Amino acid sequence: MEVRTRAPGKIILSGEHAVVHGSTAVAAAIDLYTRVSFRLLPPSEGDAGSVELELKDTGLAFSWPSSRLKETFSFEAIGPPLSPTPRPCSPEHSKLIASLVEEQNIPEAKIWLRSGIHAFLYLYTSIHGFKPGKVVISSELPLGSGLGSSAAFCVSLSGALLALSDAFSIDRQTKGWLELELSELELVNKWAFEGEKIIHGKPSGIDNTVSTFGSMIKFRSGELTHIRSSTPLRMLITNTKVGRNTKALVAGVSERVLKHPDAMAAVFRAVDSISKELSVIIESPTSDDVSIIAKEEKLEELMEMNQGLLQCMGVSHASIETVLRTTLKYKLASKLTGAGGGGCVLTLLPTLLSTKIVDKVIAELESCGFQCLKAEVGGKGLEVCFS
Ligand SMILES: Nc1ncnc2c1ncn2[C@@H]1O[C@H](COP(=O)(O)OP(=O)(O)OP(=O)(O)O)[C@@H](O)[C@H]1O
Ligand SMILES: C[C@@](O)(CCO)CC(=O)[O-]
Ligand SMILES: [Mg+2]
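Residues numbered from 1 in each chain as written. Chains lettered and ligands numbered in written order. Predicted model: local features only at pLDDT ≥ 70, side-chain atom pairs only at ≥ 80, totals over all residues.

(A) Quick peek at the domain arrangement of the protein. Here the protein is partitioned into domain 1 (2-225 + 379-386) and domain 2 (233-374). Computed from C-alpha atoms alone, the centre-to-centre distance between domain 1 and domain 2 is 28 Å. Each side of the interface is counted separately: domain 1 has 28 residues, and domain 2 has 33 residues. No other element matches strand 1 (residues 2-14), which puts four residues into the side of domain 1 that touches domain 2. (Domains from an automatic or database assignment. Contact = placed C-beta atoms within 7 Å. Helix = DSSP H or I, 4+ residues; strand = E, 2+ residues; numbered from the N terminus.)

This is the structure in structure tokens:
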């Protein structure tokens, strides 16, 4: 039996980084997905088989003989491999996984894949032990660009692994895409969070939560509230194509907190107020064009204020500033989304903005070498399909 899953990427409308330090943030799923297919392989005679991972986006494939995994994760070193409840990867376990990743000779230019492979091995061996199996992963998201590729990776992977485990009492004969029960989604989200810890270092959990549950959420200290926009929000996403790494950016903000605790606490408080106000405005009813324009103007102002505070945190970048300047020429407000340092920028496209202007902004941004994406905001979370 094979299971397929898909989990969405996300945009953060306000509150990235500050959310790691306890502030409120607002995020929404987007209709760009990471997809996983997974099947357990029958061991052949005289051979315990292997755990195989194919990463389609990079054209790379990896394989670990089950016997090698068994020998590496001795019970004495890390305890029993199968864990019914999500648990953090201990330093000993992490060291052993690092040695297995090291053996794979990842090309130097793709060394950033290491954390993803590490998270894969952790999730696989925790949920299925050394059982031979094959996992194939592909994504429509740009990787490492602020659209939550790491979370979509961990959610779609955890969902697929759990769907073929005893942890789910799901009817595997049902055809087509299924949405899971709340308790199953919660379990996937917990495992995905453990994976995110390996990739982000100190994640808030907002990215895996919005990828698991979908829609638009307000998130603070692990707690989510679903919110619904009274009017559709149109966002332009510009990928600066400047590579960056969320773990390093999150660590950089924490260093700034150590150096300037009072100033940074004030910045985080301001972000908290912005996110709370933003969520109220998003949900506020609109009756006509005048009220829609007023609502969008307030959202634009809050996005600009949040961007200013992200600059204070040291996570903007020259490429992001270029996008901000370019969109401002058309009186459009933008902010970075995700961890910053390059990656993606969000621009609110007001409801009454003409297609002609949108096309002009996109043309100008693309002439700078950036890539523009239009995505539906607030859609579905994790889905599962058996075949
Ligand atoms: N489809 C994929 N194939 C292989 N590795 C992936 C894939 N998606 C994510 N990853 C892993 O996640 C890492 C990128 O995660 P990172 O958190 O830095 O960026 P992001 O999640 O795209 O952005 P942000 O966290 O700001 O939203 C990659 O370096 C890789 O290890
Ligand atoms: C930068 C950050 O706030 C969001 C990354 O999408 C990190 C996190 O919350 O885990
Ligand atoms: Mg990430």
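(B) Looking closely at the environment of Met216. Assignment of secondary structure puts Met216 in strand 6 (residues 216-220). Classification of Met216 by C-beta neighbours within 10 Å gives buried; the count is 24. C-alpha of Met216 to C-alpha of His226: the two residues are ten residues apart in sequence and 5.9 Å apart in space. Setting aside its immediate chain neighbours within four residues, Met216 contacts Ala28, Ile227, Arg228, Ser229 and Gly378. (Buried ≥ 20, exposed ≤ 12 C-beta atoms within 10 Å, placed from the backbone.)

(C) Region of interest: the site of ligand 1. In the neighbourhood of ligand 1, 26 residues make up the surrounding shell, with Gly116, Ser149, Ser150, Thr246 and Gly338 lying closest. When residues of the shell around ligand 1 are traced back to their parent elements, those giving at least two are helix 4 (114-128), strand 5 (133-139), helix 5 (149-163) and helix 6 (182-200). With four residues, helix 5 is the single largest residue contributor to the shell around ligand 1. Two domains share the shell around ligand 1, each providing at least three of its residues, namely domain 1 (2-225 + 379-386) and domain 2 (233-374). (Near = placed C-beta within 6 Å.)

(D) How the structure looks around the site of ligand 2. Around ligand 2 there are 15 residues in total, and Glu16, Pro203, Ser204, Gly338 and Ala339 lie nearest to it. Among the residues forming the shell around ligand 2, the class breakdown is seven nonpolar, six polar and two charged. Mapping the shell around ligand 2 onto the domain boundaries places at least three of its residues in each of domain 1 (2-225 + 379-386) and domain 2 (233-374). (Nonpolar A, V, L, I, M, F, W, Y, C, P; charged D, E, K, R; others polar.)

(E) Broad picture of the sheet that holds strand 10 (residues 344-348). An order of 9-10-8-11 is seen for the four strands of this open sheet, with the pairing classed as antiparallel. The two strands at the open ends of the sheet, each matched to only one other strand, are strand 9 (334-337) and strand 11 (371-374). Pairwise comparison of adjacent strand axes, ignoring direction, gives a mean angle of 30 degrees for this sheet. Taken together, the five bridges between strand 8 (residues 235-239) and strand 10 define a ladder with antiparallel strand orientation. The residue bridging Leu236 from the neighbouring strand is Thr347, located in strand 10. Running over the sheet, helix 11 (residues 318-328) touches strand 8, strand 9 and strand 10 and is turned about 155 degrees from strand 9. (Pairing = 2+ DSSP bridges. Axes fitted to C-alpha atoms, helices over the stretch in contact; angles between N-to-C directions.)

(F) Local environment of the UniProt feature "domain: GHMP kinase N-terminal" (unreviewed entry) in the protein. Cross-referencing UniProt, the feature "domain: GHMP kinase N-terminal" (unreviewed entry) maps to residues 128-214 in the present numbering. Along residues 128-214, the helical share is 49% and the strand share 8%, with 26 Å between the first and last C-alpha atoms. (UniProt positions renumbered as here; feature names shortened; annotations may be inferred.)

(G) Seen up close, helix 9 (residues 261-283). The end-to-end C-alpha distance of helix 9, which contains 23 residues, comes to 33 Å, matching closely the 33 Å that a straight helix rising 1.5 Å per residue would cover. Those residues of helix 9 not exposed but buried are Val267, Phe268, Val271, Asp272, Ile274, Ser275, Leu278, Ser279 and Ile282. Taken together, the buried residues of helix 9 touch strand 1, strand 2 (25-40), strand 6, strand 7 (223-227) and helix 10 (289-312). (Expected span 1.5 Å × (residues − 1).)

(H) Layout of the nonpolar core. Counting residues in hydrophobic clusters, the biggest one holds 103 residues, and the most contacted among them are Ile11, Ala27, Ala28, Leu123, Leu157, Leu161 and Met235. When we break this core down by domain, the ones giving at least three residues each are domain 1 (2-225 + 379-386) and domain 2 (233-374). With residues near it in sequence (within four places) discarded, Leu123 still touches Leu157, Ser158, Leu161, Trp191 and Gly195. (Core = buried A, V, L, I, M, F, W, Y, C linked by C-beta atoms within 7 Å.)

(I) Structural detail: unusual backbone geometry. The backbone of Ser221 sits at a positive phi, close to 45 degrees, despite the residue not being glycine. Mapped onto the elements of the fold, Ser221 is located in the loop between strand 6 and strand 7.

(J) Representation of the pairing of strand 5 within the structure. In strand 5, alternate side chains face the same way, and those of Gly133, Val135, Ile137 and Ser139 are buried while those of Lys134, Val136 and Ser138 on the opposite face are not. Strand direction decides the pairing type here: strand 2 and strand 5, joined by seven bridges, are antiparallel. Residue pairing across strands places Phe38 opposite Val135, the latter belonging to strand 5. Here strand 3 (residues 50-55) pairs with strand 5 via five bridges, running parallel. From the neighbouring strand, Glu54 faces strand 5, where its bridge partner is Val136.

(K) Inspection of the packing of helix 4 against helix 6 at higher detail. As a packed pair, helix 4 and helix 6 sit with axes 8 Å apart at the nearest point and diverge in direction by 145 degrees. Once helix 4 is placed against helix 6, the crossing between them reads as right-handed. Contacts between helix 4 and helix 6 involve Ser115, Gly116, His118, Ala119, Tyr122 and Leu123 from the former and Trp191, Gly195, Ile198 and Ile199 from the latter. Taken together, the residues of the contact of helix 4 with helix 6 break down into six nonpolar, four polar and no charged. (Left-handed = near helix turned anticlockwise from the far one by under 90°.)

(L) Region of the structure containing helix 11. Among the residues of helix 11, Ser319, Ile320, Val323, Leu324, Thr326 and Thr327 are the ones counted as buried. The buried residues of helix 11 all sit within an arc of 165 degrees when viewed along its axis, so they share a single face. Looking at helix 11, the residues exposed on the side facing more than 90 degrees away from the buried face are Ala318 and Arg325. On its buried side, helix 11 packs onto strand 8, helix 10, strand 9, strand 10 and helix 12 (355-367). (Arc of directions from axis to C-beta.)

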